[in-house]
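# A look at the structure
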Amino acid sequence: MNYVLHIAILITLYIILGQSLNLLVGFTGLLSLAHAAFFGLGAYVSTLLMIRADWPFLAATGGGCLVAMTLSLVVAVPSLRLRGDFFVLATLGFQMIIFSVFNNWTEVTRGPYGIAGIPKPKVFGLTAHTLPQFVILACLIVILVLVVHWRLTSTPYGRTLKAIRDQETAARALGKNVLWFKTSVFMIAGGVAAIAGALYAGYVTYIDPTSFTLDESIFILTIVIVGGAGNLRGPVIGAFVLVLLPEALRFLHVPDTVAPNLRQIIYGILLITMMRFRPSGLAGQYAFD
Amino acid sequence: MELELENIGKQFGGLSALKDVSIAFEKGRITALIGPNGAGKTTLFDIVSGFLRPDTGRVIYKDEDITAVTAHRLARKGIGRLFQDVRIFSNMSVLENVTVAQRHQPGENPLWALLRPRRVNRLERANQAAARELLQLVGIDDKEHLWGEQLSFGQQKLLAIARLLANESSVLLLDEPTAGVNPHMVDVLLKTIRMLANDGKTVVIIEHNLSVILKLCDWVFLLDDGEVTAFGTAKEVLEDRALQEAYLGV
């Protein structure tokens, strides 16, 4: 039972991460490789606020969110002026920088040792001590995130993002301030990823830099591409498929020494197959090209 | 004059795309820019709509110097453009293509979208109703649920015109509106464009089709190699045999 609940929590985390990246990839056509950096920022900042400054969970989450949004703004302003591939490279650079900071700023992050003893989330006087309690908390947050994303994407805001994705020049010729829209959506996506980070830190109670690498960014991107970009269903389906698929290996009695490599191979094959035969993903509306 | 270009010059590398071009466009009139490929017609549109900045000269719109104003601000001032390759939003519905262009959309601010849902929804319904009327005006209201890319090329041009109207453009820069469109659709397009000019819009079109120019345009500027070499009514310019041979190859 605990195993099932653990999987459920992983799925909720990746729904939040996939959904927020989908705002960039699926709705705005911006490919970002820095999502794990924002995920990590949420985890580290909220953890430090809780441990060092005794902030309650929700306030610390908000703090992580704000820091991630501020840094997204700092990244967005120079890099969103770049076109296509160069924007991707700029996000890659940011991912590398943030990972280095987690790994090397030892006075604050304790570097590769990581931070242990993160308190369990306490919300409105209720602490999520047990797994089922944590699942409930995670589900509430996912529902909130989904509602926010549904509103953002079904209103004129989301429609203008799609217009920019489809035809940036035409959107400009219709009076849309493209840089403003891209910057704002980049900030929102970073902020939401940070919420997943705070939730993750509260769940595992121990964080270190290896959870927030480029590999993780690519994994989140795989969720969006395999599940499908450009609508709300895609990343939810992607999160289920990509979390559950490697778990199936356990039941095939693959030895532990082989399993992690095999998992990477499966992700790779899945990504290539989808790009080749079904570029809009399992349930997506938009094929990223 | 509604829109005036004064001594516009533009160089690309060593090549002069436009040399000292001065043209004025009048409200309610359809003006054509004609000339061979590479004469600088599309470059002129790029400059007027703010996608390129001229090296020399000024663009004056409603007595205001707009030479250095960026593209999206010019669009808000009422300068609309139909691109040669149309550029409709292909992964959005026909209705969305028009609604997205509407001016009054506080729901484009994410905070409004989240915190004022009822107000945003109400405006959205009004905007959709207005968009449907525009689709009706250009005669593709039965296609509102199709995706942009499912329309024929001619229908896409009509959609792009509806989009300009939703954007409340008062100057319409139409780059080859009839090219690649079937003859029946051309008539629909021409009727629509004439109606817009009668409505008081300033229409500028780049066109190669001589019968379209004769039928539609009130005034013609002939551009060659970055310079205005002739102007007048369509009949005057096109009936000059020497010009026809030199520039239009007919």
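Small disclaimer: the values here were computed from a predicted structure and weren't measured. (Residues numbered from 1 in each chain as written. Chains lettered and ligands numbered in written order. Predicted model: local features only at pLDDT ≥ 70, side-chain atom pairs only at ≥ 80, totals over all residues.)

This paragraph deals with the overall build of chain B. From N to C terminus, chain B includes 10 helices and 10 strands. Computed over its C-alpha atoms, the radius of gyration of chain B comes to 19 Å, within 12% of the 18 Å expected for a compact globule of 250 residues. Judged by the C-alpha coordinates and their principal axes, chain B covers about 65 × 40 × 30 Å. Burial statistics for chain B: of 250 residues in total, 45% are counted as buried. Taking the intrachain contacts of chain B between residues at least 6 apart in sequence as the baseline, contacts between residues at least 24 apart amount to 67%. (Helix = DSSP H or I, 4+ residues; strand = E, 2+ residues; numbered from the N terminus. Rg over C-alpha atoms; globule rule 2.2 N^0.38 Å. Buried ≥ 20, exposed ≤ 12 C-beta atoms within 10 Å, placed from the backbone. Contact = placed C-beta atoms within 7 Å.)

Time to look at the environment of arginine 116 of chain B. By secondary structure assignment, the location of arginine 116 of chain B is in the loop between helix H4 (110–115) and helix H5 (117–137). Sequence separation between arginine 116 of chain B and proline 106 of chain B is 10 residues; the distance between their C-alpha atoms is 9.6 Å.

Residue and element names in this part refer to chain B. On the basis of which strands lie adjacent, the open sheet formed by six strands has the order E6-E7-E8-E3-E9-E10 and mixed pairing. Strand pairing shows two members of the sheet lacking a second neighbour, strand E6 (79–82) and strand E10 (227–232), which therefore form its edges. Within this sheet the neighbouring strands show an average axis-to-axis angle of 20°, counted without direction. (Pairing = 2+ DSSP bridges. Axes fitted to C-alpha atoms, helices over the stretch in contact; angles between N-to-C directions.)

The subject of this paragraph is the sheet that holds strand E2 (residues 15–25) of chain B. Residue and element names in this part refer to chain B. The strand order across the open sheet built from four strands is E2-E1-E4-E5, with neighbouring strands paired in antiparallel fashion. Of all strands in the sheet, those bounded by a partner on one side alone are E2 and strand E5 (64–65). Across five bridges, the pairing between strand E1 (residues 3–12) and strand E4 (residues 56–61) is antiparallel. From the neighbouring strand, leucine 3 faces E4, where its bridge partner is tyrosine 61. Lying on the sheet, helix H1 (residues 41–48) is in contact with E1, E2 and E4; it crosses E2 at an angle near 65°.

Moving on, we get to the interface of chain B and chain A. On the chain A side, the residues contacting the 28 residues of chain B number 23 residues. Going through the elements one at a time, helix H2 (71–77), helix H3 (94–99), H4 and H5 of chain B are the ones with two or more residues in the side of chain B that touches chain A. Among the elements that make up the side of chain B that touches chain A, the one with the highest residue count is H2 of chain B (four residues). Residue classes in the side of chain B that touches chain A are distributed as 12 nonpolar, nine polar and seven charged. (Nonpolar A, V, L, I, M, F, W, Y, C, P; charged D, E, K, R; others polar.)

Now for the domain arrangement of chain B. The domain architecture assigned to chain B consists of domain 1 (3–88 + 169–248) and domain 2 (95–150). For domain 1 of chain B versus domain 2 of chain B, the separation of C-alpha centres amounts to 29 Å. (Domains from an automatic or database assignment.)

Once that is clear, we can look at the pairing of E4 of chain B. All names here are of chain B. Alignment of E4 against E5, held across two bridges, turns out to be antiparallel. Note that in E5 the partner of isoleucine 60 across the bridge is aspartate 65. From the end of E4 to the start of E5, which pair antiparallel, there are two residues, and lysine 62 there has a positive phi angle of about 50°.

Right, let's get into the nonpolar core. Of all hydrophobic cores here, the largest spans 160 residues; its most connected members are Leu41 of chain A together with Ala162 of chain B. Broken down by element, this core gets its largest block of residues, 16 residues, from helix H9 (residues 178–204) of chain A. Two domains share this core, each providing at least three of its residues, namely domain 1 (3–88 + 169–248) and domain 2 (95–150) of chain B. Setting aside residues no more than four positions away along its own chain, alanine 162 of chain B makes contact with Val98, Leu134, Leu135, Leu137 and Val138 of chain B. (Core = buried A, V, L, I, M, F, W, Y, C linked by C-beta atoms within 7 Å.)

This part takes up the packing of helix H11 (residues 233–251) of chain A against helix H12 (residues 259–277) of chain A. All names here are of chain A. In contact at an axis separation of 10 Å, H11 and H12 are set at 140° when each is read in the N-to-C sense. In terms of orientation, H11 and H12 fall into the oblique class. Pair H11 / H12 crosses with right-handed handedness. Taking contact as the criterion, the partners of Leu245, Pro246 and Leu249 in H11 are, on H12, Ala259, Leu262, Arg263 and Ile266. Considered class by class, the residues forming the contact of H11 with H12 number six nonpolar, no polar and one charged. (Parallel < 35°, antiparallel > 145°, perpendicular 65-115°, else oblique. Left-handed = near helix turned anticlockwise from the far one by under 90°.)

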